[in-house]
There are 2 protein chains.
Amino acid sequence: MAKQPICDCDVIHKELVNDTQNKMKSEEDYLKLAGLFKMFDDKTRVKILHALEQNEMCVCDLAVLLGVTKSAVSHQLKALRLANLVKYRREAQIVYYSLADEHVKEILDIGFNHLYE
Amino acid sequence: MAKQPICDCDVIHKELVNDTQNKMKSEEDYLKLAGLFKMFDDKTRVKILHALEQNEMCVCDLAVLLGVTKSAVSHQLKALRLANLVKYRREAQIVYYSLADEHVKEILDIGFNHLYE
DNA sequence: AGAGTAGTTGAACAGTTGCTCAACTATCGC
DNA sequence: GCGATAGTTGAGCAACTGTTCAACTACTCT
């Protein structure tokens with residue numbers, strides 16, 4: 001019932017905390033933001049995204065390119081689809097995937113940029 | 001010994017795959033990139049980063065602000081420190097944390113931007 | 001030196017995640 | 001319809017991750 005004690009310190013900078021509090025976004029926004037970056041936190045997924053930035057490709061192309069199974073690629077593509085980061089079109093039995101919009105490229109670019117200082 | 005069969009498809013788009021292959025970065029780059037975005041994939045961590053974008057603060061401030069324990073905050077700050085995303089300065093017993101550089105703000109901004117379409 | 005507060009750390013636990021496997025759907029060509 | 005290929009899906013498993021807890025360090029003040 002009673003709240004758990006969260007911080008056992010006396011001197012907190014009340015004004016700083018209040019000021020920051022006012023500038024913070026909603027809980028939901030942070031959840032969504034974390035959810036977005038979660039799509040870029042895995043080696044296989046960033047590879048898929050970066051590959052699709054170069055060319056539209058089918059699941060098998062990606063599997064061969066990355067050296068993983070079709071199933072693994074398909075699972076990741078599903079996650080990326082649900083996050084609206086990739087789109088696809090079907091042509092006969094083949095499903096071609098590509099990036100959903102420019103934001104993806106921007107995020108990748110800013111990331112690479114940070115790595116190369 | 002023998003390689004595991006990775007893809008059981010006949011028709012792959014060889015040219016597309018080769019072209020993409022040439023444009024891909026190194027394995028290590030993708031690992032680093034995923035490692036960078038991993039720092040933004042958790043609600044608590046993005047909150048910490050966004051809070052520090054507003055004001056330099058100590059561990060207790062962050063704990064109170066986010067409603068989590070000092071320990072939890074400290075663990076996350078350590079990860080962020082190791083990733084060179086935050087810096088700190090000690091003043092008596094108090095350790096003040098702030099963002100390491102503008103890149104962090106850029107990444108957060110582009111993320112929020114994507115959420116708000 | 002001793003008490004008190006800020007912060008860090010490592011082990012442990014619960015929850016999550018990415019891959020594999022096997023079974024499934026969808027579409028094509030005969 | 002039938003067989004073959006592209007792709008999807010769910011269960012299960014091993015590896016990883018975030019939090020908590022308790023013990024620790026670092027600094028201050030008397």
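First, a word on scope: everything that follows refers to the structure included in this document. Source: prediction; values computed, not measured. (Residues numbered from 1 in each chain as written. Chains lettered and ligands numbered in written order. Predicted model: local features only at pLDDT ≥ 70, side-chain atom pairs only at ≥ 80, totals over all residues. Heavy atoms only, no water.)

Okay, the protein's contact with DNA strand C next. Close to DNA strand C lie 30 residues, the nearest being Cys9, Arg45, Ser71 and Gln76 of chain A together with Tyr97 of chain B. Between DNA strand C and His75 of chain A there is a distance of 3.3 Å, counted from a base oxygen to a side-chain nitrogen or oxygen. Those elements that place two or more of their residues in the surface near DNA strand C are helix H3 (43-54) and helix H5 (70-82) of chain A together with helix H4 (59-66), helix H5 (70-82) and strand S3 (94-99) of chain B. The biggest single contributor to the surface near DNA strand C is H5 of chain B, with six residues. (Near = heavy atom within 4 Å. Polar contact = N/O pair within 3.5 Å; in protein donor to acceptor, adjacent residues only side chain to side chain. Helix = DSSP H or I, 4+ residues; strand = E, 2+ residues; numbered from the N terminus.)

On the side of chain A, 62 residues touch chain B, which itself brings 62 residues to the contact. Summed over both sides, the interface between chain B and chain A buries roughly 5900 Å², with carbon and sulfur atoms accounting for 71% of that surface. Applying the counting criterion to the chain B and chain A interface returns four salt bridges. For the pair chain B and chain A, the interface holds 18 residue pairs in polar contact (both at pLDDT 80 or more). Taken together, the residues of the side of chain B that touches chain A break down into 33 nonpolar, 12 polar and 17 charged. (Contact = heavy atoms within 4.5 Å. Buried area = accessible area lost by both parts, 1.4 Å probe. Salt bridge = Lys/Arg side-chain N within 4 Å of Asp/Glu carboxyl O. Nonpolar A, V, L, I, M, F, W, Y, C, P; charged D, E, K, R; others polar.)

Strands belonging to one sheet form pairs held by backbone hydrogen bonds; the direction of such a pair is parallel or antiparallel. All names here are of chain B. Taken together, the three strands give an open sheet; going across it, the order is S1-S3-S2, and neighbouring strands pair in antiparallel fashion. Only two strands of the sheet have a single neighbouring strand rather than two, namely strand S1 (57-58) and strand S2 (86-91). The pairing of S2 with S3 spans six bridges and is classified as antiparallel. Note on S3: the bridge partner recorded for Val86 is Leu99. Strands in contact with H5 are S2 and S3; relative to S2, the strand with the most contacts, it is inclined by about 120°. (Pairing = 2+ DSSP bridges. Axes fitted to C-alpha atoms, helices over the stretch in contact; angles between N-to-C directions.)

This part is about the relation of the copies chain B and chain A. Rotating chain B by 180° about the axis while translating it 0.0 Å along that axis superimposes it on chain A, leaving an RMSD of 0.0 Å. Such a turn and shift between the copies fits a two-fold axis. Distance from the rotation axis, computed per C-alpha, reaches its smallest value in chain B at Phe37 of chain B: 3.0 Å. (Least-squares fit on C-alpha atoms with pLDDT ≥ 70 in both.)

By nearness alone, 30 residues border DNA strand D, and Tyr97 of chain A together with Cys9, Arg45, Ser71 and Gln76 of chain B come closest of all. In DNA strand D, atoms within 4 Å of the protein come from the sugar-phosphate backbone in 72% of cases. Ser74 of chain A places a side-chain nitrogen or oxygen 2.8 Å from a phosphate oxygen of DNA strand D. Ser71 of chain B is positioned with one of its side-chain polar atoms (N or O) 2.6 Å from a base nitrogen of DNA strand D. Looking at the surface near DNA strand D, the elements with two or more residues in it are helix H4 (59-66), H5 and strand S3 (94-99) of chain A together with helix H3 (43-54) and H5 of chain B. If you tally residues by element for the surface near DNA strand D, the top one is H5 of chain A, at six residues. Taken together, the residues of the surface near DNA strand D break down into 10 nonpolar, 10 polar and 10 charged.

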